[in-house]
Amino acid sequence: MLVEPGYATVPQLLKDVAAAEVDAVLISHGHADHCADLNPLLRARHLSEDPPPALPVFALSGAADAVLALDGQMLAADYALQDFDPGDRFTVGPFQVTTRALRHFVPNVGLRFDLGNLSVAYTGDGGADPQVVDFAAGASLLLAEATFAEGVPEHSVGNLATAARPASTQPPPA
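Right, let's walk through the structure included here. In this text the structure is predicted, and so the values were computed from the model without any measurement. (Residues numbered from 1 in each chain as written. Predicted model: local features only at pLDDT ≥ 70, side-chain atom pairs only at ≥ 80, totals over all residues. Heavy atoms only, no water.)

### Structural notes on the packing of aromatic side chains
Under the definition given, this model contains 3 aromatic pairs. Each ring, one from Phe58 and one from Phe90, has its centre 5.2 Å from the other, and the planes form 0°; the classification is stacked. Here the residue Phe58 occupies a position in strand β3 (residues 55-60), and Phe90 occupies one in strand β5 (residues 89-92), the gap between them amounting to 32 residues. Judged by its relative accessible area of 7%, Phe58 falls in the buried class. A relative accessible area of 14% places Phe90 in the buried class. Relative to Phe113, the ring of Phe95 lies with its centre 6.3 Å away and its plane at 80°, an arrangement referred to as edge-to-face. Placement of the pair is Phe95 in strand β6 (residues 95-101) and Phe113 in strand β7 (residues 109-115), with a sequence separation of 18 residues. Residue class for Phe95 comes out partly exposed when judged on its relative accessible area of 26%. (Phe/Tyr/Trp six-rings, centres within 6.5 Å; stacked < 30°, edge-to-face > 60°. Helix = DSSP H or I, 4+ residues; strand = E, 2+ residues; numbered from the N terminus. Buried < 20%, exposed > 50% of the residue type's maximum accessible area, 1.4 Å probe, protein only.)

None of the figures reported here should be taken as evidence of function without further support.
Quick look at the structure:
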């Protein structure tokens, strides 16, 4: 399962895994740094000598539309788009996936993967949001995206996070 096929992820992935071995893709939101490499993944599958079955692509409603439109009908048979809405729960392979809306510039969800008594909660992009605490409660691991190492610029406060102060909604003093 490939989560967030953003810029340059597929060339790195294909060093270790054949495109046909990817069983599913999940996308939290429509910004290119989270979904742009869906296109080269689909092309690699499409152009292989023995093309695999359609790839299940689970994406927040509308999030994959721009990337999937790049090649129009050429790749239409190579994926099975399964849109979801914030709050939806669904199964991908052995994982129960739970989604929750989290703050960002565009619609964005956190993704939580549960398998038995293990779980991983992932924030997608987003600013400091008390919903993350509830969403990640009891998780074995929280992957919290942080766009900036230090402070978040004024125009992005609330919509992006920083590694230095992930729980803060205010940028550090200048």
